[in-house]
Amino acid sequence: MKHKLQIFKTVAYHSSFTKAAEQLFISQPAVSKAIRSLENDYKTTFFNRTRHAVQLTPDGTSFLIYVNKILDIYAEIDTQFLSKKEDFSSHINFGASTTIASYIIPKLIAKYRLQFPQTSFHIESENSEAIESLILNQQLDFGITEGKNSNRKLQYKPFIKDEIVLVTSAKNTSHKKGIISSKTLQELPIIEREIGSGTRDIIYEFLQTKNIKQLNNVVTLNSTEAIKNYLYYSNSYALISIHAVSDDLIQNKLKVIDIKDVTIERWFYFVSRTGYQSEIMNNFEQYMRLNYNF
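Residues numbered from 1 in each chain as written. Predicted model: local features only at pLDDT ≥ 70, side-chain atom pairs only at ≥ 80, totals over all residues. Heavy atoms only, no water.

**Brief notes about the packing of aromatic side chains**
On inspection of all chains with the given rule, the structure shows 19 aromatic pairs. Aromatic pair Phe-17 and Phe-47: ring centres 6.2 Å apart, planes at 75°, arrangement edge-to-face. Placement of Phe-17 in helix H2 (residues 17-24) and of Phe-47 in strand S1 (residues 47-49) is noted, with a sequence separation of 30 residues between them. The pair formed by Phe-17 and Phe-47 is uniform in burial state, with each residue classed as buried. Judged by centre distance (6.4 Å) and plane angle (75°), the rings of Phe-116 and Tyr-287 are edge-to-face. Of this pair, Phe-116 sits in the loop between helix H6 (105-115) and strand S4 (120-126) while Tyr-287 sits in helix H12 (residues 279-291), and the two are 171 residues apart along the sequence. Both residues of the pair, Phe-116 and Tyr-287, belong to the buried class. In textbook terms, an aromatic cluster arises when at least three aromatic residues are bridged by ring pairs, as seen for Phe-94, Tyr-112, Phe-116, Phe-121, Phe-142, Phe-284 and Tyr-287. A cation over an aromatic ring shows up here: Lys-253 above the ring of Tyr-232, its NZ or CZ 5.4 Å from the ring centre. The ring of Tyr-276 is capped by Arg-273, whose NZ or CZ atom sits 4.9 Å from the centre of that ring. (Phe/Tyr/Trp six-rings, centres within 6.5 Å; stacked < 30°, edge-to-face > 60°. Helix = DSSP H or I, 4+ residues; strand = E, 2+ residues; numbered from the N terminus. Buried < 20%, exposed > 50% of the residue type's maximum accessible area, 1.4 Å probe, protein only. Lys NZ or Arg CZ within 6 Å of the ring centre and 35° of its normal.)

**So, the pattern of salt bridges**
Should their charged atoms come close, side chains of opposite charge can pair. Under the criterion given, the structure shown has 13 salt bridges. Among the ionic pairs, Arg-273 bridges to Asp-141, the shortest N-O distance being 3.8 Å. One end of the pair, Arg-273, is in strand S12 (residues 264-273); the other, Asp-141, is in the loop between helix H7 (128-136) and strand S5 (142-145), with 132 residues separating them in the sequence. The class of Arg-273 is buried, set by a relative accessible area of 14%. According to the relative accessible area criterion, Asp-141 is partly exposed, its value standing at 33%. Across the pair Arg-266 and Asp-162 runs a salt bridge, and its minimum N-O distance is 2.9 Å. (Salt bridge = Lys/Arg side-chain N within 4 Å of Asp/Glu carboxyl O.)

**A look at the environment of Ser-16**
As for its position among the elements, Ser-16 is in the loop between helix H1 (2-14) and H2. Look past the residues within four positions of Ser-16 in its chain and what remains in contact with it is Val-11 and Val-54. Among the polar contacts listed, one links the side chain of Ser-16 to the backbone nitrogen of Thr-18, at a separation of 3.2 Å. (Contact = heavy atoms within 4.5 Å. Polar contact = N/O pair within 3.5 Å; in protein donor to acceptor, adjacent residues only side chain to side chain.)

**Overview of the environment of Lys-161**
In this fold, Lys-161 is placed in strand S6 (residues 154-169). You can call Lys-161 buried: its relative accessible area is 9%. As for Lys-161 and Phe-8, which are separated by 153 residues in sequence, their C-alpha atoms are 16 Å apart. If we ignore the near neighbours within four places in the chain, the residues touching Lys-161 are Glu-22, Gln-23, His-243, Glu-265, Arg-266 and Trp-267. Reaching out from Lys-161, the side chain makes a polar contact with the side chain of Glu-265 at a distance of 3.5 Å.

Here's what the structure looks like:
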């Protein structure tokens, strides 16, 4: 049942059977089978299926509330009984790229310390390039980055999948239909991250596959928070992790503009030196996977 509920939650989050299969490292038929089984068990339909996406039905939305509660309990049980307290270090030192350090790590570390208050943390927050350099120089044992999984001296383990979306101020009245072409994207005033940012690297790597060599960059800033604060007071645009803007979308500060036929996705990775092994790293990685919530 736990596995079925995890599949349900992942499909609900991504609104896609295909993306859920990629996230969970299972086949799409296995995802479909699990959802059908849940729907049969509860004699209802949880998703409206269309050609391009799936959407939660009212029953599906209600069911998701229970699923979140149940999976939280499963995570607490796993942490309590599958991980012995003595396996957890009194101090953990690691690095995280800025998007992860700002929007994903804090709530996980807070939850960790509620269960293991004897553990203290030092978290180095830099762009992905800087964190990977610190790992290579043995100044950090491991980290979580939005890297490109390309350095042979480093080993990368996928953690969670992310999507980079185009956002602007909710007050911006341009593009009322909420969708633009890739040609229009090249004309917009864009606020970008600095060179060395994993987000910036992923964006340009992807855009090159669409024959887009350059954006109309008007301002460069060295943090996502700075970019968001700029957007609140302008009609500019930025390509930002969906994790970084979820609260802004709810609070109607920013809005997403879809780009026709363009979806920019990437993985966040656990990163360490190739061949490096550590019980602290392994236990912490296991905890993160068990307790991560979308």
